[in-house]
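Residue strings, one per chain:
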Number of protein chains: 2
Amino acid sequence: MAKKSPTHARDTYHVGNLAPLLLDAARALLDQAGPNRLSLRAVSERVGVSPTAAYHHYANRAELLGHLAAQGFRELASALAARDGAGDSHPLRAASLAYFRFARRNPALYQLMFGPELAAGEMLPELRQAREESFGQLKRIIAELLRLDVGTPEVRSAALAGWSWVHGLASLAIHGVLQFPAGASDDHFVDRALQGFEYLFQAGQQPD
Amino acid sequence: MAKKSPTHARDTYHVGNLAPLLLDAARALLDQAGPNRLSLRAVSERVGVSPTAAYHHYANRAELLGHLAAQGFRELASALAARDGAGDSHPLRAASLAYFRFARRNPALYQLMFGPELAAGEMLPELRQAREESFGQLKRIIAELLRLDVGTPEVRSAALAGWSWVHGLASLAIHGVLQFPAGASDDHFVDRALQGFEYLFQAGQQPD
DNA sequence: ACCTGAACACCGTTCAAGT
DNA sequence: ACCTGAACACCGTTCAAGT
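The following refers to the structure shown. (Residues numbered from 1 in each chain as written. Chains lettered and ligands numbered in written order. Predicted model: local features only at pLDDT ≥ 70, side-chain atom pairs only at ≥ 80, totals over all residues. Heavy atoms only, no water.)

### Some points on the overall build of chain A
Of regular secondary structure, chain A possesses 9 helices and 0 strands. Its helices and strands in sequence order give chain A the pattern α-α-α-α-α-α-α-α-α, from N to C terminus. Counting over 208 residues, chain A shows a buried share of 51%. Residue pairs at least 24 apart in sequence account for 66% of intrachain contacts in chain A once pairs closer than 6 positions are excluded. Of the roughly 10400 Å² of accessible surface on chain A, a fraction of 50% belongs to carbon and sulfur atoms. (Helix = DSSP H or I, 4+ residues; strand = E, 2+ residues; numbered from the N terminus. Buried < 20%, exposed > 50% of the residue type's maximum accessible area, 1.4 Å probe, protein only. Contact = heavy atoms within 4.5 Å. Areas by Shrake-Rupley, 256 points an atom, 1.4 Å probe, with all protein chains shown as cover.)

Quick look at the structure:
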(Lines give C-alpha, C1' and ligand atoms only; values in the text may rest on other atoms or scores of the structure.)
Protein backbone atom coordinates (compact mmCIF):
# COMPACT_ATOMS: atom_id res chain seq x y z
CA MET A 1 0.00 0.00 0.00
CA ALA A 2 1.36 3.41 -0.99
CA LYS A 3 2.29 5.86 1.69
CA LYS A 4 0.81 9.20 0.68
CA SER A 5 0.76 9.06 -3.13
CA PRO A 6 1.61 12.71 -3.92
CA THR A 7 0.31 12.46 -7.49
CA HIS A 8 3.69 11.27 -8.71
CA ALA A 9 5.10 9.08 -6.03
CA ARG A 10 8.71 8.10 -5.80
CA ASP A 11 9.43 4.56 -4.73
CA THR A 12 12.74 3.83 -6.37
CA TYR A 13 16.04 5.54 -5.99
CA HIS A 14 17.27 7.12 -9.16
CA VAL A 15 16.74 7.06 -12.89
CA GLY A 16 18.99 7.46 -15.86
CA ASN A 17 19.65 10.79 -17.45
CA LEU A 18 17.74 13.13 -15.26
CA ALA A 19 18.73 16.37 -16.99
CA PRO A 20 16.51 16.05 -20.08
CA LEU A 21 13.67 14.60 -18.03
CA LEU A 22 13.72 17.66 -15.83
CA LEU A 23 13.78 19.92 -18.86
CA ASP A 24 10.78 18.18 -20.41
CA ALA A 25 8.84 18.31 -17.19
CA ALA A 26 9.66 21.98 -16.82
CA ARG A 27 8.45 22.65 -20.33
CA ALA A 28 5.17 20.89 -19.61
CA LEU A 29 4.71 22.71 -16.33
CA LEU A 30 5.56 25.99 -17.97
CA ASP A 31 2.77 25.65 -20.49
CA GLN A 32 0.20 24.79 -17.91
CA ALA A 33 1.23 27.05 -15.03
CA GLY A 34 2.99 30.04 -16.57
CA PRO A 35 6.53 31.27 -16.13
CA ASN A 36 6.08 32.54 -12.59
CA ARG A 37 4.82 29.50 -10.83
CA LEU A 38 7.35 27.19 -12.42
CA SER A 39 9.08 25.85 -9.34
CA LEU A 40 12.02 23.53 -9.18
CA ARG A 41 10.30 21.51 -6.52
CA ALA A 42 7.21 20.98 -8.64
CA VAL A 43 9.35 19.94 -11.58
CA SER A 44 11.22 17.45 -9.46
CA GLU A 45 8.04 16.03 -8.07
CA ARG A 46 6.61 15.64 -11.55
CA VAL A 47 9.63 13.61 -12.57
CA GLY A 48 9.36 11.59 -9.38
CA VAL A 49 12.63 12.63 -7.87
CA SER A 50 13.69 14.38 -4.70
CA PRO A 51 13.39 18.19 -4.50
CA THR A 52 17.14 18.61 -4.54
CA ALA A 53 18.08 16.18 -7.27
CA ALA A 54 18.04 18.89 -9.93
CA TYR A 55 21.08 20.55 -8.38
CA HIS A 56 23.27 17.75 -9.67
CA HIS A 57 22.39 18.73 -13.22
CA TYR A 58 21.70 22.44 -13.10
CA ALA A 59 23.39 25.03 -10.96
CA ASN A 60 20.06 26.50 -9.90
CA ARG A 61 16.57 27.39 -11.02
CA ALA A 62 17.82 30.19 -13.26
CA GLU A 63 20.05 27.83 -15.19
CA LEU A 64 17.28 25.35 -15.85
CA LEU A 65 15.08 28.21 -17.02
CA GLY A 66 17.93 29.40 -19.19
CA HIS A 67 18.17 26.04 -20.92
CA LEU A 68 14.44 26.07 -21.42
CA ALA A 69 14.59 29.51 -23.01
CA ALA A 70 17.51 28.43 -25.18
CA GLN A 71 15.40 25.56 -26.44
CA GLY A 72 12.70 28.09 -27.24
CA PHE A 73 15.06 30.25 -29.27
CA ARG A 74 16.23 27.26 -31.22
CA GLU A 75 12.65 26.35 -32.04
CA LEU A 76 11.95 29.92 -33.02
CA ALA A 77 14.94 29.95 -35.34
CA SER A 78 13.80 26.83 -37.12
CA ALA A 79 10.23 28.11 -37.32
CA LEU A 80 11.62 31.18 -39.05
CA ALA A 81 13.70 29.04 -41.35
CA ALA A 82 10.70 26.93 -42.31
CA ARG A 83 8.11 29.73 -42.60
CA ASP A 84 5.18 27.36 -42.99
CA GLY A 85 1.62 28.31 -43.55
CA ALA A 86 2.17 31.64 -45.21
CA GLY A 87 1.53 30.43 -48.70
CA ASP A 88 3.45 32.40 -51.28
CA SER A 89 2.86 35.79 -49.71
CA HIS A 90 5.45 38.51 -49.36
CA PRO A 91 8.62 37.29 -47.59
CA LEU A 92 8.27 39.90 -44.85
CA ARG A 93 4.73 38.79 -44.16
CA ALA A 94 5.69 35.14 -44.22
CA ALA A 95 8.51 35.64 -41.74
CA SER A 96 6.39 37.82 -39.46
CA LEU A 97 3.64 35.26 -39.50
CA ALA A 98 6.01 32.43 -38.66
CA TYR A 99 7.39 34.42 -35.75
CA PHE A 100 4.00 35.45 -34.49
CA ARG A 101 2.58 31.95 -34.72
CA PHE A 102 5.43 30.54 -32.70
CA ALA A 103 4.85 33.11 -29.98
CA ARG A 104 1.11 32.52 -29.83
CA ARG A 105 1.48 28.78 -29.75
CA ASN A 106 4.00 28.87 -26.94
CA PRO A 107 2.93 31.86 -24.92
CA ALA A 108 4.48 30.85 -21.62
CA LEU A 109 7.75 29.86 -23.25
CA TYR A 110 7.81 33.08 -25.19
CA GLN A 111 7.21 35.10 -22.04
CA LEU A 112 10.04 33.28 -20.40
CA MET A 113 12.38 33.93 -23.33
CA PHE A 114 11.82 37.67 -23.10
CA GLY A 115 10.77 37.97 -19.49
CA PRO A 116 12.45 39.53 -16.49
CA GLU A 117 13.44 36.15 -15.08
CA LEU A 118 16.35 35.91 -17.47
CA ALA A 119 17.18 39.59 -17.89
CA ALA A 120 18.84 39.80 -14.49
CA GLY A 121 22.22 38.31 -13.74
CA GLU A 122 24.66 36.47 -15.92
CA MET A 123 23.43 34.80 -19.04
CA LEU A 124 23.94 31.21 -19.97
CA PRO A 125 26.27 30.97 -22.99
CA GLU A 126 23.97 28.44 -24.60
CA LEU A 127 21.08 30.86 -24.26
CA ARG A 128 23.01 33.76 -25.72
CA GLN A 129 24.02 31.61 -28.64
CA ALA A 130 20.50 30.33 -29.31
CA ARG A 131 19.21 33.88 -29.23
CA GLU A 132 21.86 34.98 -31.71
CA GLU A 133 20.81 32.09 -33.89
CA SER A 134 17.24 33.34 -33.89
CA PHE A 135 18.24 36.88 -34.63
CA GLY A 136 20.68 35.71 -37.27
CA GLN A 137 17.90 33.89 -39.05
CA LEU A 138 15.86 37.05 -39.01
CA LYS A 139 18.74 39.06 -40.41
CA ARG A 140 19.28 36.55 -43.16
CA ILE A 141 15.66 36.81 -44.24
CA ILE A 142 15.82 40.58 -44.26
CA ALA A 143 19.12 40.64 -46.11
CA GLU A 144 17.57 38.55 -48.82
CA LEU A 145 14.59 40.85 -48.92
CA LEU A 146 16.75 43.95 -49.26
CA ARG A 147 19.12 42.20 -51.66
CA LEU A 148 21.99 43.26 -49.45
CA ASP A 149 24.69 41.48 -47.54
CA VAL A 150 24.01 40.44 -43.96
CA GLY A 151 26.07 42.76 -41.81
CA THR A 152 25.43 45.92 -43.76
CA PRO A 153 24.08 48.77 -41.64
CA GLU A 154 20.88 48.76 -43.66
CA VAL A 155 20.19 45.14 -42.86
CA ARG A 156 21.05 45.61 -39.22
CA SER A 157 18.71 48.56 -38.87
CA ALA A 158 15.94 46.86 -40.77
CA ALA A 159 16.34 43.76 -38.64
CA LEU A 160 16.11 45.86 -35.50
CA ALA A 161 12.93 47.41 -36.82
CA GLY A 162 11.49 44.09 -37.89
CA TRP A 163 12.30 42.31 -34.68
CA SER A 164 10.94 45.19 -32.63
CA TRP A 165 7.57 45.31 -34.23
CA VAL A 166 6.91 41.61 -34.44
CA HIS A 167 8.12 41.05 -30.91
CA GLY A 168 6.00 43.94 -29.73
CA LEU A 169 2.94 42.59 -31.48
CA ALA A 170 3.50 39.12 -30.07
CA SER A 171 4.10 40.48 -26.61
CA LEU A 172 0.97 42.61 -26.64
CA ALA A 173 -1.13 39.78 -28.00
CA ILE A 174 0.08 37.30 -25.40
CA HIS A 175 -0.40 39.80 -22.63
CA GLY A 176 -4.01 40.20 -23.70
CA VAL A 177 -3.65 43.89 -24.35
CA LEU A 178 -5.12 43.75 -27.81
CA GLN A 179 -8.87 43.40 -27.82
CA PHE A 180 -9.76 41.83 -31.11
CA PRO A 181 -12.90 40.18 -32.45
CA ALA A 182 -13.30 36.82 -30.80
CA GLY A 183 -12.12 34.54 -33.55
CA ALA A 184 -9.24 36.73 -34.67
CA SER A 185 -6.61 34.59 -36.32
CA ASP A 186 -2.89 35.11 -36.28
CA ASP A 187 -3.08 36.44 -39.80
CA HIS A 188 -5.46 39.18 -38.74
CA PHE A 189 -3.03 40.58 -36.20
CA VAL A 190 -0.08 40.55 -38.53
CA ASP A 191 -1.91 41.92 -41.55
CA ARG A 192 -3.56 44.64 -39.58
CA ALA A 193 -0.27 45.77 -38.11
CA LEU A 194 1.40 45.67 -41.52
CA GLN A 195 -1.33 47.82 -42.92
CA GLY A 196 -0.95 50.14 -39.97
CA PHE A 197 2.68 50.68 -40.85
CA GLU A 198 1.70 51.79 -44.32
CA TYR A 199 -0.59 54.45 -42.90
CA LEU A 200 2.00 55.43 -40.36
CA PHE A 201 4.91 55.91 -42.67
CA GLN A 202 3.01 57.32 -45.58
CA ALA A 203 1.99 60.10 -43.24
CA GLY A 204 5.57 60.33 -42.07
CA GLN A 205 6.86 61.01 -45.54
CA GLN A 206 4.49 63.67 -46.73
CA PRO A 207 5.52 67.14 -45.53
CA ASP A 208 3.72 69.01 -42.80
CA MET B 1 18.24 49.39 23.19
CA ALA B 2 16.62 47.92 20.10
CA LYS B 3 15.85 44.24 19.96
CA LYS B 4 17.14 43.02 16.63
CA SER B 5 16.87 46.10 14.40
CA PRO B 6 15.90 44.42 11.12
CA THR B 7 16.93 47.46 9.07
CA HIS B 8 13.51 49.01 9.52
CA ALA B 9 12.33 48.10 12.99
CA ARG B 10 8.76 48.39 14.14
CA ASP B 11 8.24 49.68 17.66
CA THR B 12 4.82 51.28 17.55
CA TYR B 13 1.50 49.80 16.66
CA HIS B 14 -0.08 51.34 13.63
CA VAL B 15 0.30 54.25 11.26
CA GLY B 16 -2.12 56.39 9.35
CA ASN B 17 -2.93 55.67 5.74
CA LEU B 18 -0.96 52.56 5.05
CA ALA B 19 -2.14 51.98 1.51
CA PRO B 20 -0.10 54.69 -0.22
CA LEU B 21 2.89 54.00 1.99
CA LEU B 22 2.88 50.41 0.87
CA LEU B 23 2.57 51.47 -2.73
CA ASP B 24 5.52 53.84 -2.45
CA ALA B 25 7.65 51.24 -0.74
CA ALA B 26 6.75 48.71 -3.41
CA ARG B 27 7.73 51.14 -6.12
CA ALA B 28 11.08 51.74 -4.48
CA LEU B 29 11.70 48.04 -3.99
CA LEU B 30 10.65 47.34 -7.54
CA ASP B 31 13.30 49.64 -8.94
CA GLN B 32 16.05 48.15 -6.85
CA ALA B 33 15.12 44.47 -6.87
CA GLY B 34 13.18 43.85 -10.07
CA PRO B 35 9.62 42.65 -10.59
CA ASN B 36 10.24 39.09 -9.48
CA ARG B 37 11.70 39.55 -6.09
CA LEU B 38 9.18 42.13 -5.04
CA SER B 39 7.68 40.44 -2.02
CA LEU B 40 4.80 41.63 0.09
CA ARG B 41 6.75 40.78 3.20
CA ALA B 42 9.72 42.88 2.16
CA VAL B 43 7.43 45.79 1.34
CA SER B 44 5.76 45.55 4.73
CA GLU B 45 9.07 45.39 6.49
CA ARG B 46 10.31 48.43 4.63
CA VAL B 47 7.29 50.39 5.81
CA GLY B 48 7.80 49.07 9.32
CA VAL B 49 4.60 47.14 9.62
CA SER B 50 3.69 43.51 10.17
CA PRO B 51 3.89 41.08 7.24
CA THR B 52 0.12 40.74 7.11
CA ALA B 53 -0.90 44.37 7.45
CA ALA B 54 -1.11 44.86 3.71
CA TYR B 55 -4.09 42.53 3.50
CA HIS B 56 -6.28 45.18 5.09
CA HIS B 57 -5.64 47.45 2.12
CA TYR B 58 -5.07 45.13 -0.81
CA ALA B 59 -6.69 41.81 -1.48
CA ASN B 60 -3.35 40.18 -2.20
CA ARG B 61 0.02 40.65 -3.81
CA ALA B 62 -1.44 40.70 -7.31
CA GLU B 63 -3.72 43.58 -6.44
CA LEU B 64 -0.91 45.69 -5.04
CA LEU B 65 1.13 44.97 -8.15
CA GLY B 66 -1.88 45.90 -10.24
CA HIS B 67 -2.11 49.28 -8.59
CA LEU B 68 1.59 49.78 -9.14
CA ALA B 69 1.24 48.96 -12.82
CA ALA B 70 -1.76 51.27 -13.11
CA GLN B 71 0.36 54.05 -11.70
CA GLY B 72 2.93 53.24 -14.35
CA PHE B 73 0.40 53.47 -17.16
CA ARG B 74 -0.80 56.82 -15.87
CA GLU B 75 2.76 58.12 -15.86
CA LEU B 76 3.30 56.77 -19.36
CA ALA B 77 0.16 58.52 -20.58
CA SER B 78 1.30 61.85 -19.24
CA ALA B 79 4.82 61.33 -20.58
CA LEU B 80 3.24 60.82 -23.99
CA ALA B 81 1.08 63.89 -23.54
CA ALA B 82 4.10 66.01 -22.62
CA ARG B 83 6.58 64.64 -25.18
CA ASP B 84 9.53 66.49 -23.69
CA GLY B 85 13.03 66.48 -25.00
CA ALA B 86 12.30 65.74 -28.61
CA GLY B 87 12.76 69.30 -29.79
CA ASP B 88 10.63 70.11 -32.80
CA SER B 89 11.20 66.80 -34.57
CA HIS B 90 8.56 64.82 -36.38
CA PRO B 91 5.55 64.03 -34.17
CA LEU B 92 5.98 60.30 -34.62
CA ARG B 93 9.59 60.52 -33.53
CA ALA B 94 8.72 62.74 -30.59
CA ALA B 95 6.05 60.37 -29.33
CA SER B 96 8.23 57.32 -29.83
CA LEU B 97 11.04 58.98 -27.97
CA ALA B 98 8.81 59.93 -25.06
CA TYR B 99 7.56 56.37 -24.82
CA PHE B 100 10.99 54.84 -25.09
CA ARG B 101 12.49 57.19 -22.51
CA PHE B 102 9.80 56.33 -20.01
CA ALA B 103 10.47 52.64 -20.47
CA ARG B 104 14.23 52.99 -20.12
CA ARG B 105 13.97 55.17 -17.05
CA ASN B 106 11.61 52.79 -15.31
CA PRO B 107 12.72 49.40 -16.54
CA ALA B 108 11.38 47.34 -13.66
CA LEU B 109 8.07 49.15 -13.65
CA TYR B 110 7.80 48.74 -17.40
CA GLN B 111 8.52 45.03 -17.14
CA LEU B 112 5.83 44.74 -14.53
CA MET B 113 3.31 46.62 -16.69
CA PHE B 114 3.77 44.19 -19.55
CA GLY B 115 5.02 41.16 -17.67
CA PRO B 116 3.49 37.78 -17.00
CA GLU B 117 2.66 38.65 -13.41
CA LEU B 118 -0.38 40.62 -14.49
CA ALA B 119 -1.34 38.71 -17.60
CA ALA B 120 -2.80 35.84 -15.61
CA GLY B 121 -6.10 36.03 -13.79
CA GLU B 122 -8.61 38.82 -13.50
CA MET B 123 -7.48 42.35 -14.13
CA LEU B 124 -7.94 45.25 -11.79
CA PRO B 125 -10.45 47.72 -13.29
CA GLU B 126 -8.18 50.61 -12.37
CA LEU B 127 -5.35 48.96 -14.27
CA ARG B 128 -7.44 48.33 -17.34
CA GLN B 129 -8.56 51.93 -17.31
CA ALA B 130 -5.05 53.31 -16.92
CA ARG B 131 -3.86 51.17 -19.78
CA GLU B 132 -6.67 52.39 -21.98
CA GLU B 133 -5.67 55.91 -21.06
CA SER B 134 -2.13 55.26 -22.27
CA PHE B 135 -3.28 53.66 -25.48
CA GLY B 136 -5.84 56.43 -25.99
CA GLN B 137 -3.12 59.02 -25.77
CA LEU B 138 -1.17 57.14 -28.39
CA LYS B 139 -4.19 56.96 -30.66
CA ARG B 140 -4.80 60.65 -30.28
CA ILE B 141 -1.26 61.45 -31.35
CA ILE B 142 -1.55 59.20 -34.37
CA ALA B 143 -4.95 60.54 -35.33
CA GLU B 144 -3.49 64.00 -35.39
CA LEU B 145 -0.59 62.77 -37.46
CA LEU B 146 -2.86 61.11 -40.01
CA ARG B 147 -5.32 64.02 -39.90
CA LEU B 148 -8.08 61.53 -39.25
CA ASP B 149 -10.61 61.01 -36.54
CA VAL B 150 -9.69 58.79 -33.59
CA GLY B 151 -11.71 55.63 -34.01
CA THR B 152 -11.26 55.30 -37.75
CA PRO B 153 -9.87 51.92 -38.82
CA GLU B 154 -6.79 53.62 -40.22
CA VAL B 155 -5.96 55.20 -36.90
CA ARG B 156 -6.61 51.98 -35.02
CA SER B 157 -4.35 49.99 -37.31
CA ALA B 158 -1.64 52.61 -37.27
CA ALA B 159 -1.83 52.77 -33.47
CA LEU B 160 -1.47 49.02 -33.28
CA ALA B 161 1.59 49.23 -35.50
CA GLY B 162 3.06 52.13 -33.58
CA TRP B 163 2.49 50.61 -30.19
CA SER B 164 3.87 47.29 -31.34
CA TRP B 165 7.16 48.58 -32.58
CA VAL B 166 7.89 51.01 -29.80
CA HIS B 167 6.92 48.49 -27.16
CA GLY B 168 9.02 45.87 -28.87
CA LEU B 169 12.00 48.16 -29.03
CA ALA B 170 11.64 49.13 -25.39
CA SER B 171 11.20 45.53 -24.36
CA LEU B 172 14.26 44.36 -26.26
CA ALA B 173 16.36 47.21 -24.94
CA ILE B 174 15.36 46.61 -21.33
CA HIS B 175 15.95 42.91 -21.70
CA GLY B 176 19.47 43.62 -22.86
CA VAL B 177 18.99 41.89 -26.18
CA LEU B 178 20.23 44.80 -28.23
CA GLN B 179 23.97 45.12 -28.21
CA PHE B 180 24.70 48.70 -28.99
CA PRO B 181 27.79 50.88 -28.69
CA ALA B 182 28.42 51.60 -25.05
CA GLY B 183 27.17 55.16 -24.81
CA ALA B 184 24.15 54.64 -27.03
CA SER B 185 21.49 57.15 -26.14
CA ASP B 186 17.74 56.69 -26.31
CA ASP B 187 17.69 58.70 -29.49
CA HIS B 188 20.05 56.27 -31.18
CA PHE B 189 17.75 53.33 -30.64
CA VAL B 190 14.66 55.12 -31.84
CA ASP B 191 16.26 56.76 -34.84
CA ARG B 192 17.94 53.60 -35.94
CA ALA B 193 14.72 51.63 -35.76
CA LEU B 194 12.85 54.36 -37.60
CA GLN B 195 15.44 54.24 -40.33
CA GLY B 196 15.16 50.49 -40.38
CA PHE B 197 11.46 50.76 -41.14
CA GLU B 198 12.21 52.88 -44.15
CA TYR B 199 14.51 50.21 -45.56
CA LEU B 200 12.05 47.51 -44.65
CA PHE B 201 8.97 49.00 -46.26
CA GLN B 202 10.67 50.50 -49.26
CA ALA B 203 11.76 47.00 -50.12
CA GLY B 204 8.25 45.83 -49.37
CA GLN B 205 6.76 48.12 -51.97
CA GLN B 206 8.98 47.50 -54.93
CA PRO B 207 7.93 44.43 -56.87
CA ASP B 208 9.80 41.20 -56.81
C1' DA C 1 -11.67 49.57 11.85
C1' DC C 2 -7.08 48.44 11.76
C1' DC C 3 -3.07 45.85 13.03
C1' DT C 4 -0.40 41.76 14.99
C1' DG C 5 1.42 36.88 15.74
C1' DA C 6 1.08 32.23 15.05
C1' DA C 7 0.38 28.99 11.69
C1' DC C 8 0.14 26.53 7.12
C1' DA C 9 1.69 25.29 2.78
C1' DC C 10 4.82 26.45 -0.13
C1' DC C 11 9.48 28.16 -2.17
C1' DG C 12 15.19 28.00 -3.46
C1' DT C 13 19.30 26.37 -1.76
C1' DT C 14 22.96 24.03 1.19
C1' DC C 15 24.98 20.12 3.19
C1' DA C 16 25.91 15.92 5.35
C1' DA C 17 24.68 11.45 4.56
C1' DG C 18 23.34 7.45 1.95
C1' DT C 19 23.71 4.14 -2.51
C1' DA D 1 28.93 9.91 -9.41
C1' DC D 2 24.37 10.52 -8.31
C1' DC D 3 20.55 10.92 -5.24
C1' DT D 4 18.11 11.77 -0.63
C1' DG D 5 16.49 14.05 3.81
C1' DA D 6 16.91 17.40 7.08
C1' DA D 7 17.52 22.07 7.60
C1' DC D 8 17.55 27.20 6.79
C1' DA D 9 15.78 31.36 5.27
C1' DC D 10 12.46 32.89 2.79
C1' DC D 11 7.61 33.33 0.49
C1' DG D 12 1.85 34.28 0.16
C1' DT D 13 -2.09 33.80 2.75
C1' DT D 14 -5.50 32.76 6.61
C1' DC D 15 -7.27 33.48 11.04
C1' DA D 16 -7.94 34.27 15.74
C1' DA D 17 -6.61 37.63 18.76
C1' DG D 18 -5.30 42.18 20.31
C1' DT D 19 -5.82 47.72 20.29
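Here the narrative resumes, following the displayed structure.
### Some words on the nonpolar core
Counting 146 residues, the largest nonpolar core has W165 of chain A together with W165 of chain B as the members making the most contacts within it. Not counting chain neighbours up to four residues away, the residues in contact with W165 of chain B comprise S164, W165 and F197 of chain A together with S96, V190, A193, L194 and F197 of chain B. (Core = buried A, V, L, I, M, F, W, Y, C linked by side-chain atoms within 4.5 Å.)

### Regarding the environment of V49 of chain B
Mapped onto the elements of the fold, V49 of chain B is located in the loop between α2 (40-47) and α3 (61-82). In sequence terms V49 of chain B and L22 of chain B are 27 residues apart; their C-alpha atoms lie 9.5 Å from each other.

### A few points about the relation of the copies chain A and chain B
The transformation that overlays chain A on chain B combines an axial shift of 0.0 Å with a rotation of 180°, and the residual RMSD is 0.0 Å. The superposition operator between the copies reduces to a two-fold rotation axis. (Least-squares fit on C-alpha atoms with pLDDT ≥ 70 in both.)

### Some points on the packing of α3 of chain B against helix α7 (residues 125-146) of chain B
Residues and elements named next belong to chain B. It is at 8 Å that the axes of α3 and α7 come closest, and there the two elements cross at 15°. Classified by the angle between their axes, α3 and α7 sit roughly parallel to one another. Our pair here, α3 against α7, has a crossing hand that is left-handed. Contact with α3, carried on its side by G66, H67, A69, A70, F73, R74, L76, A77, L80 and A81, involves E126, L127, A130, R131, E133, S134, Q137, L138 and I141 of α7 and no other residues of that element. Here the residues of the contact of α3 with α7 sort into 11 nonpolar, 4 polar and 4 charged. (Axes fitted to C-alpha atoms, helices over the stretch in contact; angles between N-to-C directions. Parallel < 35°, antiparallel > 145°, perpendicular 65-115°, else oblique. Left-handed = near helix turned anticlockwise from the far one by under 90°. Nonpolar A, V, L, I, M, F, W, Y, C, P; charged D, E, K, R; others polar.)

### Overview of the interface of chain A and chain B
Of the residues lining the interface, 52 residues belong to chain A; the matching set on chain B comes to 52 residues. Carbon and sulfur atoms make up 64% of the area that chain A and chain B hide from each other, which totals about 4800 Å². On the chain A side of the contact with chain B, L160, H175 and L200 of chain A bury the most area, a combined 14% of that side's loss. Here chain A is connected to chain B by 0 salt bridges. Along the contact surface separating chain A from chain B lie 11 residue pairs in polar contact (both at pLDDT 80 or more). Those elements that provide at least two residues to the side of chain A that touches chain B are α5 (107-114), α6 (116-119), α7 (125-146), α8 (153-175) and α9 (186-205) of chain A. It is α8 of chain A that contributes the most residues to the side of chain A that touches chain B, 17 residues altogether. When its residues are assigned to classes, the side of chain A that touches chain B shows 29 nonpolar, 15 polar and 8 charged. (Buried area = accessible area lost by both parts, 1.4 Å probe. Salt bridge = Lys/Arg side-chain N within 4 Å of Asp/Glu carboxyl O. Polar contact = N/O pair within 3.5 Å; in protein donor to acceptor, adjacent residues only side chain to side chain.)

### Considering unusual backbone geometry
We note that R147 of chain A has phi near 55°; this positive angle belongs to a residue other than glycine. Mapped onto the elements of the fold, R147 of chain A is located in the loop between α7 and α8.

### Focus on the packing of helix α4 (residues 91-105) of chain A against α8 of chain A
Residue and element names in this part refer to chain A. Two elements in contact, α4 and α8, have axes separated by 10 Å at closest approach and are oriented at 30°. Comparing their axes, α8 and α4 come out roughly parallel. By crossing handedness, the relation of α4 to α8 is classed as right-handed. Residues S96, Y99, F100, A103 and R104 of α4 touch α8, and the partners they reach there are W163, W165, V166, H167, L169, A170, A173 and I174. Taken together, the residues of the contact of α4 with α8 break down into 10 nonpolar, 2 polar and 1 charged.

### Concerning the environment of H188 of chain A
Residue and element names in this part refer to chain A. Locating H188 in the fold gives a position in helix α9. For the pair H188 and A25, spaced 163 residues apart in sequence, the C-alpha separation works out to 33 Å. A distance of 2.8 Å separates a polar atom in the side chain of H188 from a polar atom in the side chain of S185.

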